Amino acid sequence: MTTTALITGANKGIGFETARQLATRGMTVLLGARDPVRGADAERALRADGLDTRFVQLDVTDEKSIAAAAALIADGFGSLDVLVNNAGIAGAFGGQPSQTSLEEVRTILETNVLGAIAVTNAVLPLLLRAPAARIVNVSSEVGSVTFMSDRSSPVWGMPASVSYPASKSMLNMVTAMYAKELAGTAVKVNAANPGYCATDLNGHNGFRSAAQGAEVSVHLATLPDGGPTGTLWGYRWGDADDSYGELPW
Ligand SMILES: NC(=O)c1ccc[n+]([C@@H]2O[C@H](COP(=O)([O-])OP(=O)(O)OC[C@H]3O[C@@H](n4cnc5c(N)ncnc54)[C@H](OP(=O)(O)O)[C@@H]3O)[C@@H](O)[C@H]2O)c1
């Protein structure tokens, strides 16, 4: 039986590497990308490595694009095993909260939060048709209020900023609430913390690779039946061994 995964923002960075790793495990991976040229390039690159990947046009801020992608998956596959809500933007991370424009906050919430909700709702009927679907919301440790307000945490040194961190805090709550709604089903919903990875999002300043970040999404996308739901899980920056594990909300 084909196991199918949809990843938003899969044309580069952590999403692209998540696609590579899930396809390497034998999944058919639908590469969500808003730009047809970038999406087709990503498909070509992964297919050249013998991986079953297919570009699907998907702008998470465009309801028509989301509906068309969901219809295409319904027609082609009838169900969906994995959804990775990975698409995200950072905006002017580092802009002081008092200097942040509402326009920037709205723009970031539109992609990072509303986009994830819209895509999830559009494909949820397909996820519920799969035997044991997994939803992964790609969040961040900077969305952890506990971590960000702890003076002993490594992220304390990051500049105060509101739009991106608050969007990930909201995505964390979105994760917890979907997990609650779906608690009586086989669907597991978790938030991923990839850690600080070198991608276009941060001008390649991260100290982890996109492939390492993708390992977190892959772990949550392939959880066994007894695995957790409703958690923020991933890279634990500041642990003695910088290990993987659950993080505080
Ligand atoms: N890098 C890190 O250190 C880090 C840490 C924690 C969490 N994250 C999260 O990891 C996720 C992936 O980020 P990344 O670091 O891999 O960044 P990236 O390389 O900039 O990739 C972001 C992806 O999201 C896509 N995207 C943006 N807006 C979109 C929209 N409206 N519709 C569809 N796709 C859209 C981009 O497409 P285009 O190419 O068309 O722009 C791109 O494919 C994000 O949610 C980010 O917040 C990253």
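Here the structure is shown first, and the text comes after it.
The model shown is predicted, which means the values in this text are computed figures rather than measured ones. (Residues numbered from 1 in each chain as written. Predicted model: local features only at pLDDT ≥ 70, side-chain atom pairs only at ≥ 80, totals over all residues. Heavy atoms only, no water.)

*Asks:* Would you take a moment to explain the site of the ligand for this structure?
*Replies:* Lining the immediate environment of the ligand, one finds 29 residues, of which Arg34, Asn86, Tyr164, Cys197 and Thr199 sit closest. At 3.0 Å from a nitrogen atom of the ligand is found a side-chain nitrogen or oxygen belonging to aspartate 59. Leucine 201 places a polar main-chain atom, nitrogen or oxygen, 3.5 Å from an oxygen atom of the ligand. Most atoms of the ligand, that is more than half of them, are within 2 Å of grid points of the largest pocket. Counted by class, the shell around the ligand contains 11 nonpolar, 12 polar and six charged residues. (Near = heavy atom within 4 Å. Polar contact = N/O pair within 3.5 Å; in protein donor to acceptor, adjacent residues only side chain to side chain. 1 Å grid on protein atoms, 1.4 Å probe; cavity = no way out; pocket = protein on both sides within 12 Å on 5 of 7 lines; lining within 4 Å. Sits in = over half its atoms within 2 Å of the grid points. Nonpolar A, V, L, I, M, F, W, Y, C, P; charged D, E, K, R; others polar.)

*Asks:* Explanation requested: the layout of surface pockets in the structure shown.
*Replies:* Using a probe with the size of a water molecule, rolled over the atoms, empty space left in the structure can be pinpointed. The space that makes up the largest pocket amounts to roughly 980 Å³. Among the secondary structure elements, those contributing two or more residues to the lining of the largest pocket are α1 (13-24) and α6 (163-181). Counting residues per element, the lining of the largest pocket draws most heavily on α1, at three residues. For the lining of the largest pocket, a count of residues per class yields 18 nonpolar, 15 polar and seven charged. (Points joined across faces, edges and corners; volume = space filled by probe spheres on them. Helix = DSSP H or I, 4+ residues; strand = E, 2+ residues; numbered from the N terminus.)

*Asks:* For this particular structure, what's the right way to read α1?
*Replies:* Given 3.6 residues per helical turn, the α-helix brings residues three or four places apart onto the same face. Taking 1.5 Å per residue, 12 residues should reach 16 Å; α1 reaches 17 Å between its end C-alpha atoms and fits that length. Here α1 lies mainly inside the structure; nine of its 12 residues are buried. Of the residues making up α1, those classed as buried are Ile14, Gly15, Phe16, Glu17, Thr18, Ala19, Gln21, Leu22 and Ala23. On its buried face, α1 is in contact with β1 (4-7), β2 (28-33), α2 (36-48), β3 (53-57), β4 (82-85) and α7 (210-221). Just beyond α1, the residue with positive phi is glycine 26, at close to 100°. (Expected span 1.5 Å × (residues − 1). Buried < 20%, exposed > 50% of the residue type's maximum accessible area, 1.4 Å probe, protein only. Contact = heavy atoms within 4.5 Å.)

*Asks:* Explain the sheet that holds β4 to me, please; I cannot follow it from the model alone.
*Replies:* Strand pairing in a sheet is mediated by backbone hydrogen bonds. Such pairs are either parallel or antiparallel. Taken in spatial order, the eight strands line up as β3-β2-β1-β4-β5-β6-β7-β8 in an open sheet, and their pairing is mixed. The sheet is open, and its two borders are formed by β3 and β8 (244-247), each paired with just one other strand. In this sheet, adjacent strand axes meet at a mean angle of 25° when their direction is disregarded. Across the sheet, helix α4 (residues 102-129) is in contact with β1, β4 and β5 (134-138); its angle to β4 comes to roughly 180°. Lying over the sheet, α6 contacts β5, β6 (188-193) and β7 (232-235), oriented at roughly 160° with respect to β6. (Pairing = 2+ DSSP bridges. Axes fitted to C-alpha atoms, helices over the stretch in contact; angles between N-to-C directions.)

*Asks:* Quick question: what am I supposed to make of the pairing of β2 here?
*Replies:* Remark: a regular strand shows side chains that alternate across the two faces of the sheet. Counting buried positions along β2 gives six out of six residues, so the element sits mostly inside the fold. Here β2 shows no split at all, with Thr28, Leu30 and Gly32 on one side and Val29, Leu31 and Ala33 on the other all buried. Handedness of the β-α-β unit built from β1, α1 and β2 comes out right-handed. Traced from β2 through α2 to β3, the parallel crossover comes out right-handed. (Right-handed = clockwise from strand over helix to strand, strands pointing away.)

*Asks:* Honestly, the side chain of threonine 18 in this entry has me stumped. Any pointers?
*Replies:* Tracing the chain through its elements places threonine 18 in helix α1. Of note is the side chain of threonine 18, whose polar atom sits 2.6 Å from the backbone oxygen of isoleucine 14.

*Asks:* When you look at the environment of asparagine 121 in this model, what are you seeing that I'm missing?
*Replies:* By secondary structure assignment, the location of asparagine 121 is in helix α4. Its relative accessible area of 43% is what places asparagine 121 among the partly exposed residues. Along the backbone, asparagine 121 and valine 162 are 41 residues apart, and their C-alpha atoms lie at a distance of 27 Å. A polar atom in the side chain of asparagine 121 sits 2.6 Å from the side chain of tyrosine 178.

*Asks:* I tried to follow the packing of helix α3 (residues 63-76) against α4 on my own but got confused; where do I start?
*Replies:* Two numbers describe a pair of packed helices, the interaxial angle and the distance between the axes. Interhelical geometry of α3 versus α4 gives an angle of 20° and a closest axis separation of 10 Å. Viewed along their axes, α3 and α4 adopt a mutual orientation that is roughly parallel. Of the two elements, α3 crosses α4, and the hand of that crossing is right-handed. Between α3 and α4, the contacting residues are Ile66, Ala70, Ile73 and Ala74 on the first element and Ala118, Val119, Ala122, Val123 and Leu126 on the second. (Parallel < 35°, antiparallel > 145°, perpendicular 65-115°, else oblique. Left-handed = near helix turned anticlockwise from the far one by under 90°.)

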